[in-house]
Amino acid sequence: MAGEIPANVVHETDTTLAFRDIGPKAPVHVLVIPKAHYADITSLAEADPALAGQVLVAAAAVAKAEGLLADGFRTIFNTGRYGGQEVFHVHAHVVGGAPLGPMLAR
């Protein structure tokens, strides 16, 4: 958000920003974030449900723009230590462009 790290921006609104993940896990791997800071999706949903909806609208716009609608994609929010969250600014992963395999490795 601060512009300190270069980002390949693919979608932006007044309230959201979407950019390519620097360590992609699929042919398409885009992060969608709200411009306002919230640590995780539960914090965002409780504090500003409308902004949470705008993040989902942005994720859908990214999926459409990246050509993922025909074959499908995943939208993932990692939350907390057990959920695999590494960056504590809420972000949705939009991933697709190839078969993604099972939901969990177990």
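Residues numbered from 1 in each chain as written. Predicted model: local features only at pLDDT ≥ 70, side-chain atom pairs only at ≥ 80, totals over all residues. Heavy atoms only, no water.

Visitor: Describe empty space enclosed by the protein, and please don't skip the residues or the numbers.
Guide: Counted under the stated rule, the structure contains one cavity of 30 Å³ or more. Roughly 30 Å³ of volume is contained in the largest cavity. If you go around the largest cavity, the residues you meet are Ala-39, Asp-40, Ile-41, Phe-77, Asn-78, Thr-79, Gln-85, His-89, Val-90 and His-91. The residue inventory of the lining of the largest cavity, partitioned by class, reads four nonpolar, five polar and one charged. (1 Å grid on protein atoms, 1.4 Å probe; cavity = no way out; pocket = protein on both sides within 12 Å on 5 of 7 lines; lining within 4 Å. Points joined across faces, edges and corners; volume = space filled by probe spheres on them. Nonpolar A, V, L, I, M, F, W, Y, C, P; charged D, E, K, R; others polar.)

Visitor: Tell me what's going on with the nonpolar core, and back it up with residues and numbers.
Guide: One finds Val-32, Leu-44, Val-62 and Val-94 to be the most contacted residues of the largest nonpolar core, which totals 17 residues. Of all elements in the fold, only strand E3 (28-34), helix H2 (49-65) and strand E5 (92-96) reach the threshold of two or more residues within this core. Per element, the largest residue contribution to this core is seven residues, and it comes from H2. If we skip the residues at most four places from it in the chain, Val-94 touches Val-28, His-29, Val-30, Val-32, Ala-59, Val-62, Ala-63, Leu-68, Phe-73, Arg-74 and Thr-75. (Core = buried A, V, L, I, M, F, W, Y, C linked by side-chain atoms within 4.5 Å. Buried < 20%, exposed > 50% of the residue type's maximum accessible area, 1.4 Å probe, protein only. Helix = DSSP H or I, 4+ residues; strand = E, 2+ residues; numbered from the N terminus. Contact = heavy atoms within 4.5 Å.)

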